[in-house]
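The chain contents come next:
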Amino acid sequence: MRRLLAVFGTLSMLFCSQAAAQQTEPQWQTVLDKARGQEVFWNAWGGGDVYNNYIDWVAGRVAEEYGVTLRHVKLGDTAEAVRKVLAERSAGRSTDGAVDLIWINGENFKTMKDNALLYGPFTDRLPNFKLVDTDEKPTTVLDFTVPTDGLESPWGMAKLVFVYDMAVLTEPPTSIAAILEHAKANPGRITYPAPPDFTGTTFLKQALYELVENPVDLLSPAGDNFDTVTAPLWDYLDELSPLMWREGRDFPKTGTAQRQLLSDGAVDLSYSFNIGEASSAIAEGLLPDTARTYVLDGGTIGNTHFVAIPFNAAHKEGAMAVANFLLSPEAQARKAHPDIWGEQTVLSMDRLSDADRALFDDLPRGVATLSEADLGKTLPEPHPSWMVRIEEAWLKRYGS
Amino acid sequence: MRFLPVAPWATLAIFLLPVMAGLAGAFLPAFGYLPALGGTEASLEPWMRLFDYPGFAGSLWMSVWTGFTATAISFGLAVGFAAAWRGTRVFQGLQRLIAPLLSVPHAAVALGMLFLLAPSGWLLRAGSPWATGFDRPPDWATAPDPYGIVFILALVVKETPFLFLMTVAALNQVREREIVTTARTLGYGPATAWLKCVLPLVYPQLRLPVYAVLAFSLSVIDVALVLAPATNPPLGVLILRWFNDPDLGYQFVAAAGAVAQLAVVAAGITLWWAGERLVGSLGRRWASAGDRALLDRPVAAFSLAGTGILWFLGAGSLLGMAIWSMARQWRFPDALPGEWSLMNWMRRGETLIGLGGTTVTVGLISAGIALVLAIACLEHEKRDGLKPTARALWLLYIPLLVPQVAFLFGAQVLLVAAGIDGGWTALIWAHLLFVLPYVFLSLSDPFRSLDERYRTTALCLGLRPSSVFWRVTVPLLLRPILVAFAVGFAVSVSQYLPTVFAGGGRLETLTTEAVSLAGGGDRRLIGMLVFAQSALPFLAFLLAAAVPAWAFRNRAGLRGLT
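Residues numbered from 1 in each chain as written. Chains lettered and ligands numbered in written order. Predicted model: local features only at pLDDT ≥ 70, side-chain atom pairs only at ≥ 80, totals over all residues.

If you had to explain the overall build of chain A to someone new, which residues and values would you point to?
Tallying secondary structure elements over chain A gives 13 helices and 11 strands in all. Computed over C-alpha atoms, the radius of gyration of chain A comes to 22 Å, within 12% of the 21 Å expected from 2.2 N^0.38 for 400 residues, which places it in the range of a compact globule. Structurally, chain A occupies a C-alpha span of about 65 × 60 × 40 Å along its principal axes. Within chain A, contacts between residues separated by at least 24 positions form 82% of all contacts whose residues are at least 6 apart in sequence. (Helix = DSSP H or I, 4+ residues; strand = E, 2+ residues; numbered from the N terminus. Rg over C-alpha atoms; globule rule 2.2 N^0.38 Å. Contact = placed C-beta atoms within 7 Å.)

Take a look at the structure:
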């Protein structure tokens, strides 16, 4: 009986999706027709080779698939693209903008959404968006608690993991409190990237989550309760700072800079927002073979990153074609491959065909990558307003 | 040549209009005016926010302290070395060793020094664990350090060669040998004689270069991004951070910061000028006080040690980067890579060719345009019998004296409005702004000091002015012309901020890529970029020396000419 139901279910899904495909196809075809021959300028953070190489591969595939020429504009900080769009608006350029697609999430997305700098909603026009797991992975439509409203299309899941070298450390600290104990026993070997670097702010969020009395407070905007809610975080950091690398007077500038410190043996831990990064860094010779990852006992922060199209993009159709390709099982499976990028997919396995699901099932797992079961609980991102104020307060306390 | 009379005006237009417009583009938002963001009324709020920004005072102090210290040390070393060692073999040797350092981009030196001097850097690797006992890097605050000392060192490594070569050029204009000989017969030691009698004559010509170095050091961004501490970075870094802040309200703060940066540079130059007065009057008293050689030994020793150290730092940092480009793994405390590999070069070859292509194209075109404009101005000056005025020189120096960050944001709005941002035109123009002054400076002395009788003779023999130019002036000046071109090319290769702003992210060069990777960290890739970045200008200078040697292989008389 159960099997019958399953067959029926699959059949009906097939039928529905075919029907849906037939409905949207002419519309989508018009988009693709316009996209052909367009040169899409994708503004994406360019600080990591793993990501740059993946984007290079995407460029090759969308050229084959859609006849779109994809150019990767490498940013040091996503906010540069936000500012560029703004500069264009102040110069009165409402069409033919220089930015076609932005790799974006969180604070930058909120800024662009609030200032009406985005094109869309467009995600419902992408055929592959139907494959996204919006139920089990709610962060694909709630970006740092802000509804995406179809203005950005998800392309990857991030989760904070901790990296250590098992040749140096036999038992890494598995909670925020334990990290303080570790620093007391080993002064100068703990650090975190200086906010506003996103790995640094994520570490602060993680600490906040474990230290705060009532984590639910963090899901609504920060208000008058800011000082009381965040007090335990500042107490903790005040105690940790003098025990940190360079006595907390200097910080690595980015997460990758901290990974370099770990690789040099200068510090004991680094943090990554990509569960597979450590494995690919080992393969690249950027971390010792003995590097491993783990998560904290109470779970770690996770989120989704997206691509969005500015309101004045010159090549919106090409940008949509790229966004759609990024959601294809082929692109997502490649992104999940430990040697390529090694990140959790945004797609739902239940909504994939058997052949597509096999792409994911066959993936090897990197030597330092945790399995789905070992990844533990995922904590949601706090509302962006918390981070804005925490970054300011952090700068006041430790920035000078 | 109907183009000639227009040339000086065209040159000025390229420079001054955009700089002025760009400054306006920073001034207006600094006082609350930026309609796109809802700023339509004059207000002092951006300034309040600027002064209230946590760490603003610390950053301001960091800029002032590092800028002045770097300039003073560079100037002291360049002048001290010229005073103590002029006319010796050591002097000639250094001149030869130091010239290549001049052509290396600032960012390359900064990235190399970061690796050389960090606690996990090459210097400590070489001594660990046998001498230091470290098998893990110590928790020392070096490179970057909280006081900006490594940052200052990197600036000194780059600015001393510049000031040194400027001093050598200025020396050709005074009768140095006679003056020194006279002083020495009166019993003065060589360095004392030089400092008391030659320096006062040479300094007026060094003034503008020194101001340019001061302005640069007070506002530099690429070196600071690499080597300045993350907390309390120099002001320029903060301004760039505000421009990039996702909270668009910070645009106003950034504009106020840019104006503040301009004020810092203006105040810095004024202060230096006042310092000149003070040192001048003290120096006059010292010059006539009768002391013969008290300073000779310390000046000789310190200047030799200082230039030696900085040469070692410069060469060591570039060598370290070259080795990284061929490493697969290089862990602390190994003195050399544990695994070597050419994999980096093979895998990244395509990226490198792409970036190198943009770099070379922009460099060649901007240096070419600058060369044509500079020659046209100089030739026009010569034919019309004009005398160059000091004021004209000041105009030329304006892009070098106004901090880049102060006008580039405003200029970018202009470029966007003209619809040429992120394109080759904008990028080449932005580079030209900084390439042209150096090309002009490098060419003007040889051009003006060319013996007038060659021209006169050719004209008397019935040649038209244009033929005189092509058949007499150009061959005689081929070497300085090519050197000026190489200087322009090197300046273009090293540009960071103008490329970031005018390139709009669509056009990237080796320099922008290397700096953007500095935080991210694959040292092997950074090593390759630094190597390529340093090799290109070096090649240009090599060609500038080789072409005349080949062209004049049968002209003994021309080979000695510079």
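Run through the overall build of chain B, naming residues and quoting values.
Check the secondary structure of chain B and you find 25 helices and two strands. By the compact-globule yardstick of 24 Å for 562 residues, chain B fits well, its C-alpha radius of gyration being 25 Å. Based on the C-alpha atoms only, the size of chain B along its principal axes is roughly 70 × 60 × 55 Å. Expressed as a percentage of the 562 residues in chain B, the buried residues total 49%. A separation threshold of at least 6 residues defines the contact pool for chain B, and within that pool the share at least 24 residues apart is 80%. (Buried ≥ 20, exposed ≤ 12 C-beta atoms within 10 Å, placed from the backbone.)

Which residues make up the nonpolar core, and what are the values?
Ranked by size, the top nonpolar core spans 274 residues in total, and within it Val322(A), Leu111(B), Met113(B), Ala154(B), Leu227(B), Ala374(B) and Val439(B) carry the most contacts. Sequence-distant contacts of Ala154(B), that is, excluding residues within four places in its chain, are made with Val109(B), Ala110(B), Met113(B), Val223(B) and Leu227(B). (Core = buried A, V, L, I, M, F, W, Y, C linked by C-beta atoms within 7 Å.)

Outline the interface of chain B and chain A, listing residues and values.
The interface of chain B with chain A comprises 43 residues on the first partner and 50 residues on the second. Put simply, the parts of the chain that give the side of chain B that touches chain A at least two residues each are strand E1 (327–329), helix H17 (404–418) and helix H23 (510–518) of chain B. Ranked by residue count, the leading element in the side of chain B that touches chain A is H17(B), at four residues.

Give me the domain arrangement of chain A: which residues, what numbers.
All names here are of chain A. Domain annotation for chain A reports domain 1 (2–155 + 305–361) and domain 2 (161–302 + 378–398). Each of domain 1 and domain 2 has a C-alpha centre, and these two points are 29 Å apart. In this assembly, 16 residues from domain 1 lie in contact with 16 residues from domain 2. Looking at the side of domain 1 that touches domain 2 residue by residue, the classes come out as five nonpolar, seven polar and four charged. (Domains from an automatic or database assignment. Nonpolar A, V, L, I, M, F, W, Y, C, P; charged D, E, K, R; others polar.)

With reference to specific residues and values, describe the pairing of strand E2 (residues 69–75) of chain A.
All names here are of chain A. For E2, the tally of buried residues reaches five of seven residues, placing the bulk of the element in the interior. Where strand E1 (residues 39–45) lies against E2, seven bridges are found, and the strand directions are parallel. Directly across from phenylalanine 41, in E2, lies its bridge partner arginine 71. This β-α-β element, E1 to helix H2 (residues 49–66) to E2, shows right-handed connectivity. (Pairing = 2+ DSSP bridges. Right-handed = clockwise from strand over helix to strand, strands pointing away.)

Break down the domain arrangement of chain B for me, citing the residues and quoting the values.
In many analyses, interface size is given as the accessible surface area lost on bringing the parts together. All names here are of chain B. For chain B, the domain assignment lists domain 1 (1–31 + 343–562) and domain 2 (62–229 + 273–341). The C-alpha-based centres of domain 1 and domain 2 are spaced at 25 Å. With 32 residues of domain 1 in contact, the opposing surface of domain 2 contributes 28 residues. When residues of the side of domain 1 that touches domain 2 are traced back to their parent elements, those giving at least two are helix H14 (343–347), helix H16 (390–401), H17, helix H21 (478–494), H23 and helix H24 (523–551). A per-element tally of the side of domain 1 that touches domain 2 places H24 first, with 12 residues. The class makeup of the residues in the side of domain 1 that touches domain 2 is 22 nonpolar, seven polar and three charged.

Got a sec to walk through the sheet that holds strand E7 (residues 161–165) of chain A? Specific residues and values, please.
Residue and element names in this part refer to chain A. With respect to topology, three strands assemble into an open sheet ordered E8-E7-E9, the strand pairing being antiparallel. If you trace the sheet from one side to the other, it starts and ends with strand E8 (270–272) and strand E9 (291–294), each paired once. Adjacent strand axes in the sheet meet at a mean angle of 35° when their direction is disregarded. Examined bridge by bridge, E7 and E8 share three bridges and lie antiparallel to one another. Its bridge partner being in E8, valine 161 is matched across the sheet by serine 272. Packing against the sheet, helix H9 (residues 277–284) makes contact with E7, E8 and E9, and its axis sits at approximately 175° to E9. (Axes fitted to C-alpha atoms, helices over the stretch in contact; angles between N-to-C directions.)

With reference to specific residues and values, describe the environment of Ala458(B).
All names here are of chain B. Within the fold, alanine 458 resides in helix H19 (residues 452–460). For alanine 458, a count of 18 C-beta atoms within 10 Å corresponds to the partly exposed category. The sequence separation of alanine 458 and glutamate 381 amounts to 77 residues, and the corresponding C-alpha distance is 18 Å. Beyond its immediate sequence surroundings of up to four residues, alanine 458 is in contact with Leu463, Val468 and Val472.

So what's going on with unusual backbone geometry? Which residues, and what values?
Residues and elements named next belong to chain A. For the bond from glycine 120 to proline 121, the omega torsion is 5°, close enough to zero to count as cis. Along the chain, proline 195 connects to proline 196 via a cis peptide bond; the corresponding omega equals 10°. Summarising the element assignment, proline 196 is placed in the loop between helix H5 (176–185) and helix H6 (198–211). Backbone geometry places aspartate 96, a non-glycine residue, at a positive phi of 60°. Assignment of secondary structure puts aspartate 96 in the loop between helix H3 (79–90) and strand E3 (101–104). In this model, aspartate 149 sits at a positive phi of 50°, which is unusual for a non-glycine residue.

Could you give me a rundown of the pairing of E9(A), with the residues and numbers involved?
All names here are of chain A. Judged by which residues are buried, E9 turns out to be covered on both faces: Ala291 and Thr293 on one side and Arg292 and Tyr294 on the other are all buried. Of the strand pairs in this sheet, E7 and E9 are connected by four bridges, and their pairing is antiparallel. When the bridges of E9 are listed, valine 163 appears paired with threonine 293.

How would you explain H3(A) if you had to name every residue and give the values?
Residues and elements named next belong to chain A. When the terminal C-alpha atoms of H3 are compared, their 16 Å separation across 12 residues agrees well with the 16 Å that a helix rising 1.5 Å per residue should span. Taking burial as the measure, the 12 residues of H3 include 11 buried ones, the bulk of the element. Looking at H3, one finds that the buried residues are Ala79, Glu80, Ala81, Val82, Arg83, Lys84, Val85, Leu86, Ala87, Glu88 and Arg89. (Expected span 1.5 Å × (residues − 1).)

Explain the confidence of the model for chain A to me, and be specific about the residues and the numbers.
Within chain A, residue pLDDT values average 88, and 93% of them lie at 70 or more. Throughout residues 1–23 of chain A the model reports pLDDT below 50, and contacts reaching past four residues in sequence, or to other chains, amount to one contact. (pLDDT = per-residue confidence, 0-100.)

Provide a residue-level description of the packing of helix H7 (residues 149–171) of chain B against helix H9 (residues 190–219) of chain B, including the pertinent values.
To describe two helices that pack against each other, one gives the angle between their axes and the distance between the axes. Residue and element names in this part refer to chain B. One way to put it is that H7 packs onto H9 with a least axis distance of 9 Å and a crossing angle of 160°. Relative to H9, the element H7 lies roughly antiparallel. By crossing handedness, the relation of H7 to H9 is classed as right-handed. The residues of H9 that touch H7, namely those facing Leu155, Glu159, Phe162, Leu163, Met166, Thr167, Ala170 and Leu171, are Val202, Gln205, Leu206, Pro209, Val210, Val213 and Ser217. Taken together, the residues of the contact of H7 with H9 sort by class into 11 nonpolar, three polar and one charged. (Parallel < 35°, antiparallel > 145°, perpendicular 65-115°, else oblique. Left-handed = near helix turned anticlockwise from the far one by under 90°.)

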